[in-house]
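# Working through the structure, step by step
Here is how the chains run, residue by residue.
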Amino acid sequence: MANKILTEEIQKRRIFGIISHPDAGKTTLTEKLLLHGGAIREAGAVKGRHNSKYSTSDWMEIEKQRGISVTSSVMQFEYSGKVISIMDTPGHNDFGEDTYRILTSVDSAVMVIDGAKGIEAQTKKLFKVCSMRGIPIFTFINKMDREAMDPLESMEELEEVLGLPSVAVTWPIGCGLNFQGIYDRLENTVYLYKAGKTIQLGENGVFGPELEEHLTINNLNSLRAEIELIEGAGNEFDVNAIAAGKLSPVFFGSALADFGVTPFLNHFLQLSPAPGPRKTTDGSIKPEEEEFSGFIFKIQANMNPAHRDRIAFLRICSGTFERGMTVTLTRTGKSIKLSQSTQLMANERETIDTAYAGDVIGIYDTGTYQIGDTLTTKKDLFYFEPLPTFPPELFARVTPTNSLKAKHFQKGVAQLAQEGAIQVYHNQYNEVIIGAVGALQFEVFEYRLKNEYNSDLLMEHLDFNVVRWLDTSDLAYVKSCLDSRCMLLFDHFERPLVLFANQFTLNYFTERYKDIQLVEALNVNS
Ligand code: GDP
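Conventions we followed
- Residues numbered from 1 in each chain as written.
- Predicted model: local features only at pLDDT ≥ 70, side-chain atom pairs only at ≥ 80, totals over all residues.
- Helix = DSSP H or I, 4+ residues; strand = E, 2+ residues; numbered from the N terminus.
- Contact = placed C-beta atoms within 7 Å.
- Core = buried A, V, L, I, M, F, W, Y, C linked by C-beta atoms within 7 Å.
- Buried ≥ 20, exposed ≤ 12 C-beta atoms within 10 Å, placed from the backbone.
- Domains from an automatic or database assignment.
- Pairing = 2+ DSSP bridges.
- Axes fitted to C-alpha atoms, helices over the stretch in contact; angles between N-to-C directions.
- Parallel < 35°, antiparallel > 145°, perpendicular 65-115°, else oblique.
- Left-handed = near helix turned anticlockwise from the far one by under 90°.
- Nonpolar A, V, L, I, M, F, W, Y, C, P; charged D, E, K, R; others polar.
- Near = placed C-beta within 6 Å.
- pLDDT = per-residue confidence, 0-100.
- Expected span 1.5 Å × (residues − 1).

As a further point, take the overall build of the chain. Check the secondary structure of the chain and you find 13 helices and 31 strands. Taking the intrachain contacts of the chain between residues at least 6 apart in sequence as the baseline, contacts between residues at least 24 apart amount to 68%.

Listed below in structure tokens is the structure:
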């Protein structure tokens, strides 16, 4: 029989990722959500651009300098009987692999859109990763207190640009200086912006007389016309389609004014899924299973410069975590006692003793874990579905400027590679070549080597942007086929790979040397 406490705890849990183009208001919304849950008391706690005391993810100076969040953090809060974990993703054009991995470990996503700008490049990319996984995507159209696009146009854009049907759950009444509130279609309620009042409407909804004294005539007419239109021509509200990621519920509001956030949060908790089964190499595993299991989706070193520690982020997929429990690391078959565990809540860390499937916990790592690792108490070992790896597109040769500090350099490079911060290869002369998905990864790498490992380096960008692994042991033959537009390297498992200048060079090579098998990407666990 399934453990009753465990089942109840799982039903309470929600893990979601929050995505947006920079400046759309992701941090502000996150902050307001945390405030609702009482996880933090003061605004500014999330990123703390102006207030370093309350910042969580500004552990790196680079973030402060640029006012961007480079790394992703996890924050947990309780609200309305639910335990909610938010995975923040870097809101920068130049995000890296980290973001993708975060999005593979969440159960739903919230997409924040700037009401004036609509869908921007970054949102599109991140959205694609979410929709590939078929997870529900909730849309929050923000900054309605400013001039915004026509809400019908915003909805249309969602469908057109992202190809995702959407359904409005709340609807804005005016915008900018004329912003007067939102209409909650499911609750048949209007929330008035400035007056702070809530009006429960009668059976005629927005067509009843209740709103006449509160709204300007223009706003009331537009609201009625728009609601009539979306009720006639819009998508039907369909809970199953939402759960399957085929219909995005849309909300409007102002994160800054904390307006529209409560209805959003309440509906989100109703409509978003609790943790479900996850695929493994041994069939799928249900969260209610007694045996504990989870996987590591992120490793981060030196989060707190005062303590040189490394934390592995573990998503619990089944069972109950008890501090001090012994688990097996599938990759090595070794037993590990999990005695130091931490929960990440806004700017604080707390030691936790118990956690359930659907929680994310941090465990201290002394170099034991790799990204994608499976941990379990099951006797029959298995792996969770490997996390996708994304082939790097940018490459650089790096060398320490001070050869006396070569040891620091090597240690730093090895640690950052293990963390998954960057891909590291070497050539036949043992020179270090790094690979990244986004240029910011390079910057972060350089910064961290200098600040955390006291190692300055020379970085020489290389003119290659496609990588392929080789499926052959006849390296002498491969070498004879390479010219200056290709470069032979080895990854940290000594597996050979080739960098090509571009797609064209790669195509040429594959046409010419049909006998050489190339593989696009190798999984973390393979
Ligand atoms: P992020 O880059 O997506 O995390 O965006 P932030 O949350 O840092 O917000 C970017 C800027 O927009 C900040 O100056 C916020 O104060 C502002 N902002 C966020 N939400 C709103 C909103 O609802 N209305 C208005 N007027 N400004 C907002």
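Read on for the rest.
Membership of the largest hydrophobic core comes to 88 residues, with the highest contact counts inside it found for Ala-109, Ile-296 and Leu-314. In terms of residues, this core owes the most to one element, strand E15 (residues 310-318), which gives six residues. Two domains each donate at least three residues to this core, and these are domain 1 (15-177 + 242-271) and domain 2 (278-376). Within the second largest apolar cluster, 31 residues are counted, among which are Ala-421, Ile-434, Ala-436 and Leu-499.

Turning our attention to the sheet that holds strand E8 (residues 181-184). Read from one edge of the open sheet, four strands run E7-E8-E9-E10, paired in antiparallel fashion. The two strands at the open ends of the sheet, each matched to only one other strand, are strand E7 (170-173) and strand E10 (198-200). Between one strand axis and the next, the sheet turns through 20° on average, direction left out of account. This element, helix H7 (residues 217-233), spans E7 and E8 of the sheet and lies at about 150° to E7.

It is the contact of helix H10 (residues 406-419) with helix H11 (residues 439-453), at a shortest axis distance of 10 Å, that shows an interaxial angle of 125°. Classified by the angle between their axes, H10 and H11 sit oblique to one another. Between H10 and H11 lies a crossing whose hand is right-handed. The residues of H11 that touch H10, namely those facing His-408, Phe-409, Lys-411, Gly-412 and Leu-416, are Phe-445, Arg-448, Leu-449, Glu-452 and Tyr-453. Of the residues in the contact of H10 with H11, the class split is five nonpolar, two polar and three charged.

This part covers the site of the ligand. Neighbouring the ligand are 16 residues; Gly-25, Lys-26, Thr-27, Thr-28 and Leu-256 lie closest to it. Tallied by class, residues from the shell around the ligand come to four nonpolar, seven polar and five charged.

One can read the domain layout of the chain as domain 1 (15-177 + 242-271), domain 2 (278-376) and domain 3 (394-523). Computed over C-alpha atoms, the centres of domain 2 and domain 3 are 30 Å apart. Taken together, the six residues of domain 2 in the interface contact five residues of domain 3. A class-by-class count of the residues in the side of domain 2 that touches domain 3 yields three nonpolar, three polar and no charged.

Another aspect to go through is unusual backbone geometry. Although it is not a glycine, Asp-258 adopts a positive phi angle of roughly 55°. Structurally, the position occupied by Asp-258 is in the loop between strand E11 (248-252) and helix H9 (261-271). Here the phi dihedral of Asn-430 falls at roughly 65°; this positive angle occurs in a residue that is not glycine. Mapped onto the secondary structure, Asn-430 falls in the loop between strand E25 (423-426) and strand E26 (432-436).

Within the element layout of this structure, Phe-237 appears in the loop between H7 and helix H8 (239-243). It is 45 Å that separates the C-alpha atoms of Phe-237 and Met-325, two residues lying 88 residues apart in sequence.

A few words on the sheet that holds strand E6 (residues 166-168). Spatially, the seven strands line up as an open sheet ordered E2-E3-E1-E4-E5-E11-E6, and their pairing is mixed. The open sheet terminates on both sides in strands that have one partner only, identified here as strand E2 (74-79) and E6. With strand direction ignored, the average angle separating the axes of adjacent strands in the sheet is 25°. Sheet analysis places strand E5 (residues 137-142) next to E11, joined by three bridges and oriented parallel. Paired with Phe-140 across the two strands is Phe-251, which belongs to E11.

Below, the discussion takes up the pairing of E26. Sheet faces and side chains relate simply in a regular strand, where the side chains alternate between the two faces. Among the five residues of E26, four are classified as buried, and the element is accordingly described as predominantly covered. Taking the residues that link successive antiparallel strands as the turn, the E25-E26 hairpin has five residues, and the phi of Asn-430 there is positive, at about 65°.

It is worth spelling out the packing of helix H2 (residues 26-36) against H9 at this point. Interhelical geometry of H2 versus H9 gives an angle of 75° and a closest axis separation of 11 Å. When the axes of H2 and H9 are compared, the pair comes out roughly perpendicular. Taken together, the residues of H9 that come into contact with H2 (itself represented by Leu-29, Lys-32, Leu-33 and His-36) are Val-261, Thr-262 and Leu-265.

Further remarks concern the environment of Ile-15. Looking at where Ile-15 falls in the secondary structure, it is placed in strand E1 (residues 13-20). C-beta crowding within 10 Å serves as the criterion here: with 24 such atoms nearby, Ile-15 is assigned to the buried category. Sequence separation between Ile-15 and Met-87 is 72 residues; the distance between their C-alpha atoms is 7.5 Å. With sequence-adjacent residues up to four places away left out, Ile-15 is seen in contact with Ser-85, Met-87, Val-106, Asp-107, Pro-275, Gly-358 and Val-360.

For the chain, per-residue confidence averages 85 on the pLDDT scale, and residues scoring 70 or more make up 86% of the total. Scored below 50 in pLDDT, residues 40-60 makes 47 contacts in the model with residues more than four places away or belonging to other chains. Ignoring residues within four places in sequence, the model shows residues 66-72, a span with pLDDT below 50, making 28 contacts including any to other chains. ipTM for the predicted complex: 0.99, alongside a pTM of 0.80.

For H11, built from 15 residues, the straight-helix expectation of 21 Å at 1.5 Å per residue is met to within 8% by its first-to-last C-alpha distance of 21 Å. At the C-terminal side of H11, Asn-454 shows a positive phi close to 55°.

Within the secondary structure, Gly-208 sits in the loop between E10 and H7. Once the C-alpha coordinates of Gly-208 and Pro-151 are considered, the two residues, 57 residues apart in sequence, prove to be 22 Å apart. Discounting residues that sit within four places of it in the chain, Gly-208 has contacts with Leu-201 and Gly-202.

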